Amino acid sequence: MRTKFIFVTGGVLSSLGKGLASAALGALLEARGLSITLQKLDPYINVDPGTMNPFQHGEVFVTDDGAETDLDLGHYERYTHAKLGQRHNYTSGRIYHSVITKERRGDYLGGTVQVIPHVTDEIKQAVLQLDGEADIAIIEIGGTIGDIEGLPFIEAIRQLRGDLGRENSLFIHVTYVPFIKAAGELKTKPTQHSVKELRSIGIHPDILLCRTEMTLSPSIKSKIALFCDVKEDRVITARDVDCIYEVPLRFHKEGLDERVVECLNMWTRAPVLTAWEDLMTRVNEPQHTVNIAMVGKYVNLRESYKSLNEALFHGGVANRAEVVIDFINSEEVRGESLEERLQKADGILVPGGFGSRGIPGKLEAISYARRNNVPFFGICLGMQLAVIEFARDVAGLPLADSTEFSPSTPDPVIFLMKEWYDYRTDKIQRRDESSQMGGTMRLGAYPCRLRPESKAFQAYGQEEIFERHRHRYEFNNSYRDVLTAAGLMLSGLSPNEELVEIVELPEHPWFLGCQFHPEFKSRPLEPHPLFKAFIQAALERKLSI
Ligand code: GLN
């Protein structure tokens, strides 16, 4: 099989939704019966986003194979069925790392190592390894045309067009057409400049995707077409939408998928979009509203909890409910004012996180949820804190803690496990206090067996599940007996029963903490069972009081 490649670049400014546009195009091409894969090329120097501050860069998205990737891969997986991993996200840092490693090894046989051809060849190889993986590979180049650091990527894809040929490659450029209120007009100049910039590096876009607040009139389209030397029907309006899941339908109305297959000289069936249409009907006609309090640290920047917000939305849609999230910063809101905010919530969620900031506020929220029978969902750090709160307040261990925040606690209910069998790599893993930082996280998809009488089993409807992890600390098995005797149910364990993956309170209407991040696997067309069940529990509480 020979894969055809679509390259997506961005112009004018960042945050135009290139990732979303690539994902939505993927969805449309899948709906035409084509198989799809996607890849993100990021110009920054970090080798991967794993070490980047979520405040700056947004969430780190984790794939089944344990890659810590750009959040755009989350969009790709939510919109398509592409199975993504290490091969689908490259940064400049990773590319250079591999070039420099080869240089040190002597692979270049004494030659001078240069951006062209050595770095560009490395990029081309990263792209071309996807050949054969699907009918179409959509390659998104991060950053904006004109950025110095993006140049090697742009040069590489320019060369690839020559290597692959016209019918096997396609350039889509995402630009911005601002509406200037004072003039009452849409302005095409930024788009013209951006395309000029792109052409000066040797790339002639085939399709322009124009982000705008208004619909582009035929005359604006023909103006853009004329100045940018792109066919008029290949100037596509990408108008702002209320709900991001409407984008595939909008793009289809604008003829994007039709133009793409035409450019690539492919024959496919018309897309079957009923699932997306039904989804939008459910989104647009909710029958309920559910209020969820999200108590966390990175609440000021929504992008830090991207997948989580989407998963809650999916869980809402599955229950025909609009989910309204109250983001509560646990460092700022405490005590009575926290309680006041929580009183308005139908469900309380404590998400993942690292470090000791904001922990007491999160524990207060968990305690409130437990005592007041408010549905509670704890994810990763949220699960660990639920165990700590339970140990302190119910199991009679007032000093219980995690060694992450309290290294000398007498009751380390959450700790670094010295040795455990790792299902993903089929190796014994070892940890101690000196291996805390760096590459010692449990990353990627791990199996988990559910207890048949648990709420988790009720939600999933199956005994074995695979979920994605990103953490260092684990439930301490020395406390199994005392915690279960006090009423905590260990409802999900690794198949060898060594690792505790899910805890629940059977006496509570819905109180569940999971060591993994279920949000990474939720999709609008396949909402995650735990999010669906959590929102359902919140809705039931709301309707019952
Ligand atoms: N900080 C915790 C750990 O490392 C939880 C991590 C998370 O929530 N992703 O185990």
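Residues numbered from 1 in each chain as written. Predicted model: local features only at pLDDT ≥ 70, side-chain atom pairs only at ≥ 80, totals over all residues. Heavy atoms only, no water.

Undergrad: How should I be thinking about the overall build of the chain in this particular structure?
TA: Counting its secondary structure elements, the chain contains 18 helices and 25 strands. A compact globule built from 545 residues would reach a C-alpha radius of gyration of about 24 Å, and the chain, at 25 Å, matches this within 12%. Principal-axis analysis of the C-alpha atoms gives the chain an extent of 75 × 60 × 45 Å. The burial tally for the chain puts 59% of its 545 residues in the buried class. Here the analysis covers contacts within the chain between residues at least 6 apart in sequence; of these, 72% occur between residues at least 24 apart. Split by element, the accessible area of the chain, about 22,400 Å² in all, is 49% carbon and sulfur. In the chain, which carries 62 positive and 75 negative side-chain charges, the distance between the mean positions of the two groups comes to 4 Å. (Helix = DSSP H or I, 4+ residues; strand = E, 2+ residues; numbered from the N terminus. Rg over C-alpha atoms; globule rule 2.2 N^0.38 Å. Buried < 20%, exposed > 50% of the residue type's maximum accessible area, 1.4 Å probe, protein only. Contact = heavy atoms within 4.5 Å. Areas by Shrake-Rupley, 256 points an atom, 1.4 Å probe, with all protein chains shown as cover. Lys, Arg positive; Asp, Glu negative; His and termini not counted. Charge placed at Lys NZ, Arg CZ, Asp CG, Glu CD.)

Undergrad: Can you help me understand the site of the ligand in this one?
TA: Gly352, Gly353, Phe354, Cys380, Leu381, Gln384, Glu404, Arg470, His471, Arg472, Tyr473 and His517 make up every residue found near the ligand. In this structure, tyrosine 473 approaches the ligand through a main-chain N or O atom, which is 2.8 Å from an oxygen atom. Histidine 517 has a polar side-chain atom sitting 3.1 Å from a nitrogen atom of the ligand. A total of 300 Å² of accessible area belongs to the ligand in isolation, and the protein chains cover 99% of it. Secondary-structure elements contributing two or more residues to the shell around the ligand are α15 (381-393) and β21 (464-471). (Near = heavy atom within 4 Å. Polar contact = N/O pair within 3.5 Å; in protein donor to acceptor, adjacent residues only side chain to side chain.)

Undergrad: What's the story with the packing of aromatic side chains in this structure? I'm lost.
TA: We describe a pair of aromatic rings using the distance from one ring centre to the other and the angle between the two ring planes. All chains considered together, the criterion is met by 12 aromatic pairs. Between phenylalanine 7 and phenylalanine 171, the ring centres sit 5.6 Å apart and the planes meet at 35 degrees, which makes this aromatic pair tilted. Taken as a pair, phenylalanine 7 in strand β1 (residues 4-10) and phenylalanine 171 in strand β7 (residues 169-176) lie far apart in primary sequence, 164 residues in all. On the accessibility criterion, phenylalanine 7 (0% relative accessible area) is buried. Between phenylalanine 377 and phenylalanine 534 the ring centres are 5.4 Å apart and the planes differ by 55 degrees, which places this aromatic pair in the tilted class. (Phe/Tyr/Trp six-rings, centres within 6.5 Å; stacked < 30°, edge-to-face > 60°.)

Undergrad: Sorry if this is basic, but what is going on with helix α5 (residues 115-128) here?
TA: The α-helix advances 3.6 residues per turn, and as a result positions three or four apart in sequence lie on the same side. Between its terminal C-alpha atoms α5 stretches 18 Å, which fits the 20 Å expected from 14 residues at 1.5 Å a residue. Within the sequence span of α5, burial applies to His118, Val119, Thr120, Glu122, Ile123, Lys124, Ala126 and Val127. (Expected span 1.5 Å × (residues − 1).)

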